[in-house]
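# What the coordinates show
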Amino acid sequence: MSLDTVLARIDADLPQATERLLNLLRIPSISTDPAYKDNCQEAADWLVADLASLGAQVEKRPTPGHPMVVGHIGEGAPHLLFYGHYDVQPVDPLELWDRDPFDPQIEETDKGKVIRGRGASDDKGQLMTFVEACRAWIAENGSLPCKITFFFEGEEESGSPSLIPFMKDNAEELKSDIALICDTGMFGEETPAIVTMLRGLLGEEVTITGPSKDLHSGMYGGVAMNPIRVLAKVIAGLHDATGRITIPGFYDGVPELTDELKAQWDGLNFDAGSFLGEVGLGEPAGEKDRSALEMIWSRPTCEVNGIKGGYTGDGFKTVLPSKASAKISFRLVGQQDPHAIRENFREMVRAQIPEDCTVDFHGHGASPAGQMETGDPAFEAARTALSDEWPQPAAFIGCGGSIPIAGYFKTILGTDAMLIGFGKDDDQIHSPNEKYDLTSFHKGIRSWARILDALS
Ligand code: BES
Ligand code: ZN
């Protein structure tokens, strides 16, 4: 067998591989919105059929939420597990899309060809990179070089509520020598990356209630407490003037970078100006004494993701609302304890609620940060394989985003996870006009073929 013939097959099959991805992208598998429940089933069915066409023993497995897809194929060591998610984020605001998010298309842009549509980068395009690598391998060699398990979930974008019980219940089946997760990005256009640090995520929804009903702001304004005013004050107090988060104990367990990591990151020459420039900004907004890369990879955050209250429609309405609410998320690093932070946050908010108001909290996901163990020789093998494919050598990087499952492979199954993905910073994941570069897809497939070759 030769890797070159597999790579040539991937090149020749790219139009068909792209067509298959477009078919998957046409299924609106939005996991957070119950209206799309059937579409999540449909996406899982699509994957089952596609993996079966490779010869995998594959099933759609029910969970209390959206189903998992688990497939096994090949024999021999090592046993590799591929993880990806087939669910996607909601598409709103729809009016900001230049096309129907679920009518994907290849578009020509000044940076080359892109696959445009919801889920193109996060995570259907990425997930299909290793499916296509396996397809090409089998087409050239008749079988795969080792045992592979595909493990695809449909709830990642809604916090993976079924994942822990499913992994516990199916631990024997899912144990492997290493888990490969394709849901992260590159370091710039030409530098592939292996993510070794991933931030955790904690979500809190706060609702403040003042008067028992909406009021006329002329009749009651000034005398009745306005819950938006209370909420705004709470939010304004979450950061101090230097950008530090003010919740008591928040920084417990936040480590300083080692000198080695600091030197490594300095060597990446991250250009904060152009990173922010791309999105119309110029000034890093985090803690004053930290570099932009630290702010994204190794420092915790507190961000308001949404805020609701009063009249927000067209025109003007002089209302003093009964309720105001905000969705607030925290990105966590190091050993920060999500549960302790939740409690301390709630305590701090409660202490600021005036006599006439009440506060309710609704907790969302709570996953700690993940630190990948890079001692396994698979890391160096994958780094070399990636460096062979791309113009620049592969980098070990951090990731500002969160993938709750990454840490659970270690804690539940005892398996190390390696995070390799081909997304770009400008893919607009979770936003209107999401895209995946055709080169990310093509070279991503080629990268997995090289990694498969290197690991087996
Ligand atoms: N693929 C992303 C994680 C990611 C984000 C990787 C940015 C690289 C750069 C993943 O699907 C995701 O969006 N995760 C959510 C967490 C989830 C619990 C909603 C996130 O990070 O907000
Ligand atoms: Zn994702």
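Residues numbered from 1 in each chain as written. Chains lettered and ligands numbered in written order. Predicted model: local features only at pLDDT ≥ 70, side-chain atom pairs only at ≥ 80, totals over all residues. Heavy atoms only, no water.

## Digging into the overall build of the protein
A count of helical and extended segments in the protein gives 13 helices and 18 strands. For the protein, whose C-alpha radius of gyration is 23 Å, the value lies close to the compact-globule estimate of 23 Å for 456 residues. Here the C-alpha coordinates of the protein stretch approximately 80 × 50 × 50 Å along the principal axes. Taken over 456 residues, the protein has a buried fraction of 54%. When contacts within the protein are restricted to residue pairs at least 6 apart in sequence, those whose partners lie at least 24 apart make up 78%. Here the protein has roughly 20200 Å² of accessible surface; of this, 51% comes from carbon and sulfur atoms. Within the protein, the 70 negative side-chain charges are centred at a point lying 4 Å from the centre of the 40 positive side-chain charges. (Helix = DSSP H or I, 4+ residues; strand = E, 2+ residues; numbered from the N terminus. Rg over C-alpha atoms; globule rule 2.2 N^0.38 Å. Buried < 20%, exposed > 50% of the residue type's maximum accessible area, 1.4 Å probe, protein only. Contact = heavy atoms within 4.5 Å. Areas by Shrake-Rupley, 256 points an atom, 1.4 Å probe, with all protein chains shown as cover. Lys, Arg positive; Asp, Glu negative; His and termini not counted. Charge placed at Lys NZ, Arg CZ, Asp CG, Glu CD.)

## Side note on the environment of Thr196
For Thr196, the location among the structural elements is in strand S8 (residues 193-198). Residue classification places Thr196 among the buried positions, given a relative accessible area of 8%. Along the primary structure Thr196 and Gln371 are separated by 175 residues, whereas in three dimensions their C-alpha atoms are 5.9 Å apart. If we skip the residues at most four places from it in the chain, Thr196 touches Gly370, Gln371, Met372, Thr374, Phe396 and Ile397.

## A closer look at the packing of aromatic side chains
Applying the stated rule across the entire model yields 20 aromatic pairs. Residues Phe187 and Phe270 carry aromatic rings whose centres are separated by 6.3 Å and whose planes lie at 45 degrees to one another, so their mutual orientation is tilted. Residue Phe187 is located in the loop between strand S7 (178-181) and S8, and its partner Phe270 is located in the loop between helix H7 (259-266) and helix H8 (272-277); the two are separated by 83 residues in the primary sequence. With relative accessibility at 13%, the residue Phe187 sits in the buried group. One aromatic cluster is present, built from ring pairs that chain together Phe82, Phe130, Phe150, Phe152, Trp390, Phe422 and Trp448. Its end group placed over the ring of Tyr251, Arg244 keeps NZ or CZ at 4.0 Å from the ring centre. (Phe/Tyr/Trp six-rings, centres within 6.5 Å; stacked < 30°, edge-to-face > 60°. Lys NZ or Arg CZ within 6 Å of the ring centre and 35° of its normal.)

## A short note on the pattern of salt bridges
Oppositely charged side chains can pair when the atoms bearing their charge come close. One pass over the full model with this rule turns up 35 salt bridges. Two residues, Glu205 and Lys327, come together in a salt bridge whose shortest N-O distance is 3.2 Å. In this pair, Glu205 sits in strand S9 (residues 200-209) while Lys327 sits in strand S13 (residues 323-332), placing the two residues 122 residues apart along the sequence. Measuring nitrogen to oxygen at the nearest pair gives 3.4 Å for the salt bridge that ties Arg383 to Glu380. With Arg383 and Glu380 both in helix H11 (residues 377-389) and three residues apart, this pair spans about one turn of that helix. One network of salt bridges, with partners in common, ties together Lys111, Glu189, Lys424, Asp426, Asp427, Lys435 and Asp437. (Salt bridge = Lys/Arg side-chain N within 4 Å of Asp/Glu carboxyl O.)

## Here we look at the nonpolar core
Formed by 102 residues in total, the largest nonpolar core has its most connected members in Phe151 and Phe409. Element by element, the count of residues in this core is highest for helix H1 (residues 3-25), at ten residues. Every residue in contact with Phe409, bar those within four places of it in the chain, is listed here: Leu81, Tyr83, Phe151, Met167, Ala179, Ile181, Gly414, Thr415 and Ala417. Ranked by size, the runner-up nonpolar core spans 28 residues in total, among them Ile208, Val234, Ala326 and Leu332. (Core = buried A, V, L, I, M, F, W, Y, C linked by side-chain atoms within 4.5 Å.)

## So, helix H12 (residues 405-413)
Along H12, the positions that sit buried rather than exposed are Ile405, Ala406, Tyr408, Phe409, Ile412 and Leu413. Where H12 terminates, the next one or two residues include Gly414, which has phi positive at roughly 75 degrees.

## Side note on the coordination of the zinc ion (ligand 2)
Within the first shell, the zinc ion (ligand 2) binds the protein through His85 (NE2), Asp122 (OD), Asp183 (OD) and Asp183 (OD), at distances of 1.8 to 2.7 Å. Mapped onto the polypeptide sequence, the residues donating to the zinc ion (ligand 2) form the spacing pattern H-x36-D-x60-D. Linking His85 in strand S3 (residues 79-85) with Asp183 in the loop between S7 and S8, this pair joins segments that are 98 residues apart in sequence. Classification of Asp183 by relative accessible area gives buried; the value is 12%. (Donors = N, O, S within 2.8 Å, 3.2 Å for Na, K, Ca; no water.)

## Re a nonpolar patch on the surface
On the surface, a nonpolar cluster with roughly 350 Å² of combined accessible area is contributed by Met219, Tyr220 and Val223. Turning to its location among the elements, Val223 is positioned in the loop between strand S10 (215-216) and helix H6 (227-236). Take Val223: its relative accessible area is 69%, and that puts it in the exposed class. (Patch = residues over 30% accessible without salt bridge, like charges linked within 9 Å, V, L, I, M, F, W, Y side chains within 5 Å.)

## Topic: the site of ligand 1
The environment of ligand 1 is made up of 15 residues, and the closest members are Glu156, Asp183, Arg331, Ser402 and His430. Between Glu156 and ligand 1, the recorded distance is 2.7 Å, taken from a side-chain N or O atom to an oxygen atom. Asp183 is positioned with one of its side-chain polar atoms (N or O) 2.7 Å from a nitrogen atom of ligand 1. Residue composition of the shell around ligand 1, by class: four nonpolar, six polar and five charged. (Near = heavy atom within 4 Å. Polar contact = N/O pair within 3.5 Å; in protein donor to acceptor, adjacent residues only side chain to side chain. Nonpolar A, V, L, I, M, F, W, Y, C, P; charged D, E, K, R; others polar.)

## Some words on the state of the cysteines
Under the definition given, this model contains zero disulfides. Just so you know, Cys40 is unpaired, no disulfide at all, and the nearest cysteine sulfur is the one on Cys182, 20 Å from it. The exposure class assigned to Cys40 is buried, which follows from its relative accessible area of 0%. Free of any disulfide, Cys302 has its nearest cysteine sulfur in Cys399, 19 Å distant. (Disulfide = S-S within 2.5 Å.)

## Some remarks on the sheet that holds strand S4 (residues 105-109)
Pairing is antiparallel in the open sheet, where three strands are placed in the order S4-S5-S18. Looking at which strands have only one partner, the edges of the open sheet turn out to be S4 and strand S18 (435-437). Each strand axis lies, on average, 35 degrees off the axis of its neighbour in the sheet, ignoring direction. Relative to strand S5 (residues 112-116), S4 runs antiparallel, the two being bridged by five bridges. From the neighbouring strand, Glu107 faces S5, where its bridge partner is Val114. (Pairing = 2+ DSSP bridges. Axes fitted to C-alpha atoms, helices over the stretch in contact; angles between N-to-C directions.)

## Considering H1
Maximal helix bending in H1 amounts to about 60 degrees, located at Asp13; proline Pro15 follows within four positions. Listed as buried for H1 are Leu3, Val6, Leu7, Ile10, Leu14, Ala17, Thr18, Arg20, Leu21, Leu22, Leu24 and Leu25. (Bend = angle between axes of the 7 residues up to and from the residue.)

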